[in-house]
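Okay, here's what each chain looks like letter by letter:
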Amino acid sequence: MDIGKKLKGLRVRKGLTQEELADRAELSKGFISQVERNLTSPSISTLMDILQCLGTDLKEFFSDSEDSQIVFKKTDYFEKTDTELHNIIEWIIPNAQKNIMEPILLTIEATGSTYPDNPHEGEEFGYILSGSIEIHIGNKIFKAKSGESFYFEPKYKHFISSEKGAQLIWVSSPPSF
């Protein structure tokens, strides 16, 4: 892991200069610069101070968990046409059967067609109807636009933002509203 590069990425995402981060962590700008260029290594205590100023902790910073896919495009979806019930079902999160929540997009072609909804816990799902958004999860940002969806387990602080506005469906389980 390139600690300097990762720290710089966090600092830039937080909109801080090296000097601002140094002031908050009570360090010198030169020290922050050297750490970011991997010319020196901070002590554990100093690293903890820097991470606290960047809104994270050691566990999240050193998390080796492989990034799973967060945003899904229409080409990722699986579609099934049910001629008996006169509907089209799109599984908009591939391999969703491994998750507690199995999000679908249902297009009803005739009245009386239904699809069961199962209870679920501890997941976030969304579908962007129009516009584009940024999904902020911990210190990472994922972009999604109209026709795309997202799914994640809410292990870290998270929120959604949009510069130009958007309409979306956002399912939070258990509900946090």
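One can find the structure itself at the top, above this paragraph.
Each chain has its residues counted from 1, running along the sequence as written. Local features are withheld for residues below a pLDDT of 70 in this predicted model, meaning they are given only at 70 or higher, and side-chain atom pairs are given and counted only at 80 or more; totals for whole chains, interfaces and linings count all residues. To obtain the side-chain values, all non-hydrogen atoms of the structure were used and water was disregarded.

Asks: Explanation requested: unusual backbone geometry in the structure shown.
Replies: Across residues other than glycine, the phi torsion is negative in most instances, and most of the peptide bonds are trans. Residues other than glycine seldom take positive phi values, yet Glu-26 does so here, at roughly 55°. By the criteria applied, helices consist of DSSP H or I runs no shorter than four residues and strands consist of E runs no shorter than two, each listed in order from the N terminus. Note that Glu-26 resides in the loop between helix 2 (18–25) and helix 3 (29–36). In this model, Asn-38 sits at a positive phi of 60°, which is unusual for a non-glycine residue. Position of Asn-38 relative to the elements: it lies in the loop between helix 3 and helix 4 (44–53). The partly exposed category is assigned to Asn-38, whose relative accessible area is 44%. Three exposure classes are used, based on accessible area relative to the maximum for each residue type with a 1.4 Å probe and protein chains only: buried under 20%, partly exposed in between, and exposed over 50%.

Asks: Which parts of the structure should I look at to understand helix 2?
Replies: Owing to its 3.6 residues per turn, the α-helix aligns residues three or four sequence positions apart on the same side. Gln-18, Leu-21, Ala-22 and Ala-25 are the residues of helix 2 that are buried. Projection of helix 2 onto a plane perpendicular to its axis shows the buried side chains occupying an angular sector of 100°, all on one side. Along helix 2, the residues that are exposed and aim more than 90 degrees away from the buried face are Asp-23 and Arg-24. Any two residues whose heavy atoms approach within 4.5 Å are treated as being in contact. Buried positions along helix 2 lie against helix 1 (3–13), helix 3 and helix 4. Two residues or fewer after helix 2 comes Glu-26, characterised by a positive phi angle close to 55°. Summarising the geometry, the arc corresponds to the directions from the helix axis toward the C-beta atoms.

The analysis is restricted to geometry; functional conclusions fall outside its scope.
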